Amino acid sequence: MDINDLEVVDLDEKDGALVIIDQTKLPGVTEYLHLHTQKEIWDAIKKLQVRGAPAIGVAAGFGIYLAACDICEGLHAKNMADKNEAYDEFASDFFNASDYLNSSRPTAVNLSWALKRMGKVVSDHKGEAPASILPHLKEESYAIKAEDQATNKAIGEHALSLLKPHMGLLTHCNAGLLATTKYGTATAAMYLGHERGYGFRIYCDETRPLLQGARLTAWELSRVGMDVTLLCDNMANSLMKSGKIDAVFTGCDRVAANGDSANKIGTSYVALAAKRHGIPFYICAPSSTIDFDMPDGDAIVIEQRDPDEVTEAWYKNRMAPENIKVYNPAFDVTPASDITAIITENGIAREPFTESLKELCCR
Ligand code: MRU
């Protein structure tokens with residue numbers, strides 16, 4: 001099976017649609033959705049039909065481009081003679097649409113990062129006819145996607161330089177190609193190592209409550225022929241104790257300037273256990289996921305999700321009493337002190353992260 005046969009996020013220009021694989025249907029069904037309206041795109045991000053920080057960023061880029069096309073069409077119908085007036089109305093509607101998409105999920109910084117990039121295109125063309133801005137927006141949205149692929153491959157090369165053949169690698173959640181557009185971040189070294197015959201043994205935490213590790217990571221890695229073992233989240237410590245794990249790789253949704261890293265709930269436990277067993281714990285972070293405006297992890301907004309994800313959404317029968325109170329944060333923050341290194345496309349950052357991240361990613 002070829003890794004390149006999956007197109008996680010794309011633009012169908014003819015249909016005027018954002019095209020995504022519906023990740024809530026995996027691994028049973030590979031279904032592509034064509035999303036036309038901003039509401040459809042907002043819902044798909046919220047419901048995790050498209051998910052993973054970089055993939056959300058790429059979806060937002062294409063999504064806001066489609067919004068710009070619709071806004072332009074509306075202005076064309078109004079036949080506005082004054083170019084400046086048309087631009088002002090276009091920009092105002094564009095930034096409203098951008099705020100709307102940005103409200104779909106709070107933790108992954110790639111969403112606002114991609115929307116800001118697209119917004120800069122609009123601001124850079126201040127006063128120009130809206131229709132003439134569209135090609136620039138389209139170009140920027142494709143650039144965000146192309147950069148994601150190159151970034152992940154570079155992260156993979158850096159991560160692979162830390163590894164030897166036949167190692168056992170643990171990962172949590174899905175920071176795989178399904179969370180990006182190719183290779184993934186935490187899985188990039190696994191894919192590259194697989195192509196080069198490293199024979200890694202991969203272990204995937206199932207990742208309660210939404211099972212991204214079981215449904216997505218275990219699926220995407222095993223389908224290309226990797227040696228994959230699935231475990232429940234509460235088994236990682238025992239697995240590490242057994243000596244089968246040589247390194248842990250996870251992705252991240254937002255890295256603060258000091259290296260504190262928000263990622264899928266449970267990541268901070270995995271880091272703690274790795275530290276206890278002397279196993280290196282690596283965060284794989286495209287520079288688009290590093291938020292230099294956030295000094296540390298305390299200010300990162302953690303998304304709280306629907307209780308039914310814990311009690312019934314993934315079960316044939318409800319698994320908890322009716323009306324039970326539920327605690328369901330989608331992410332936690334791993335303190336920088338529990339992270340061995342943060343692997344970016346520009347190189348490997350180690351403590352003190354405040355300096356090393358800046359040096360690698362602010363060039
Ligand atoms: O809630 P999700 O499935 O979007 O959470 C995804 C994660 O936490 C990933 O590990 C993170 O976004 C990194 S993806 C390269």
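Everything that follows concerns the structure shown earlier in this document.
Novice: Would you mind going over the nonpolar core in detail, with residue names and values included?
Specialist: In terms of nonpolar packing, the biggest core is built from 78 residues, with V9, L18, F90, L137, L163, L169 and F249 touching the most fellow members. Ignoring anything within four residues of it in the chain, the contact list for L18 reads V9, D10, L33, H34, L35, I41, A59, F62 and L66. One finds L239, I245, A273 and C361 within the second-largest nonpolar core, a separate group that totals 27 residues.

Novice: Report on the pattern of salt bridges, specifying residues and quantitative values.
Specialist: Applying the stated rule across the entire model yields 21 salt bridges. The salt bridge partner of K39 is D43, with a shortest N-O separation of 2.9 Å. Of this pair, K39 and D43 both sit in helix α1 (residues 38-46), 4 residues apart, roughly one helical turn. Take K39: its relative accessible area is 47%, and that puts it in the partly exposed class. Put simply, R305 and E303 hold a salt bridge, and the shortest N to O gap is 2.7 Å.

Novice: Break down the pairing of strand β5 (residues 201-205) for me, with residues and values.
Specialist: Burial of β5 is extensive: 4 of the 5 residues sit out of reach of the surface. Pairing between strand β4 (residues 168-171) and β5: 4 bridges, direction parallel. When the bridges of β5 are listed, G168 appears paired with R201. For the segment spanning β4, helix α6 (residues 188-195) and β5, crossover handedness is right-handed. In the sheet, β5 pairs with strand β6 (residues 227-231) via 5 bridges, with the strands oriented parallel. Within β6, the position partnered with C204 by the bridge is L230. Read as a crossover between parallel neighbours, the route from β5 over helix α7 (residues 212-222) to β6 is right-handed.

Novice: Requested: an account of the site of the ligand, with residues and values cited.
Specialist: The ligand sits among 19 residues. The nearest are R51, R105, D253, N263 and K264. Between the ligand and R51 there is a distance of 2.5 Å, counted from an oxygen atom to a side-chain nitrogen or oxygen. Within the contact set of the ligand, an oxygen atom lies 2.7 Å away from a side-chain nitrogen or oxygen of N263. Protein chains bury 99% of the 410 Å² of accessible surface belonging to the ligand in isolation. When atom positions are compared with the pocket grids, the ligand is found to occupy the largest cavity. Contributing elements (two or more residues each) for the shell around the ligand: α2 (53-78) and β9 (261-264). Of the residues in the shell around the ligand, the class split is 8 nonpolar, 7 polar and 4 charged.

Novice: Account for empty space enclosed by the protein, with residues named and values stated.
Specialist: Inspection of every chain in the model, using the stated rule, returns 2 cavities of 30 Å³ or more. Considered as a void within the structure, the largest cavity measures approximately 180 Å³ in volume. Counting residues per element, the ones that place at least two in the lining of the largest cavity are α2 and β9. Looking at the second largest cavity, its volume works out to about 50 Å³. Looking at the lining of the second largest cavity residue by residue, the classes come out as 5 nonpolar, 2 polar and 3 charged.

Novice: Go over helix α4 (residues 109-124) with me, naming the residues and quoting the values.
Specialist: Here α4 is 16 residues long and its end C-alpha atoms lie 22 Å apart, about the 22 Å a rise of 1.5 Å per residue gives. V109, N110, L111, S112, A114, L115, R117, M118, G119, V121 and V122 are the residues of α4 that are buried. Where α4 is buried, its residues touch α1, α2, α3 (83-102), α5 (130-160), β8 (254-256) and β11 (290-291).

Novice: How would you explain the packing of α2 against α4 if you had to name every residue and give the values?
Specialist: When two helices pack together, you describe them by how their axes are tilted relative to each other and by the distance separating the axes. α4 packs onto α2 with a crossing angle of 35° between their chain directions and a minimal axis gap of 7 Å. Between α2 and α4 lies a crossing of right-handed hand. Packed against α2, whose contacting residues are A53, P54, I56, G57, A60, G61, I64 and Y65, the element α4 presents N110, L111, A114, L115 and M118 at the interface. Along the lines of polarity and charge, the residues of the contact of α2 with α4 split into 10 nonpolar, 3 polar and no charged.

What counts and what doesn't
Residues numbered from 1 in each chain as written. Predicted model: local features only at pLDDT ≥ 70, side-chain atom pairs only at ≥ 80, totals over all residues. Heavy atoms only, no water. Core = buried A, V, L, I, M, F, W, Y, C linked by side-chain atoms within 4.5 Å. Buried < 20%, exposed > 50% of the residue type's maximum accessible area, 1.4 Å probe, protein only. Contact = heavy atoms within 4.5 Å. Salt bridge = Lys/Arg side-chain N within 4 Å of Asp/Glu carboxyl O. Helix = DSSP H or I, 4+ residues; strand = E, 2+ residues; numbered from the N terminus. Pairing = 2+ DSSP bridges. Right-handed = clockwise from strand over helix to strand, strands pointing away. Near = heavy atom within 4 Å. Polar contact = N/O pair within 3.5 Å; in protein donor to acceptor, adjacent residues only side chain to side chain. Areas by Shrake-Rupley, 256 points an atom, 1.4 Å probe, with all protein chains shown as cover. 1 Å grid on protein atoms, 1.4 Å probe; cavity = no way out; pocket = protein on both sides within 12 Å on 5 of 7 lines; lining within 4 Å. Sits in = over half its atoms within 2 Å of the grid points. Nonpolar A, V, L, I, M, F, W, Y, C, P; charged D, E, K, R; others polar. Points joined across faces, edges and corners; volume = space filled by probe spheres on them. Expected span 1.5 Å × (residues − 1). Axes fitted to C-alpha atoms, helices over the stretch in contact; angles between N-to-C directions. Left-handed = near helix turned anticlockwise from the far one by under 90°.

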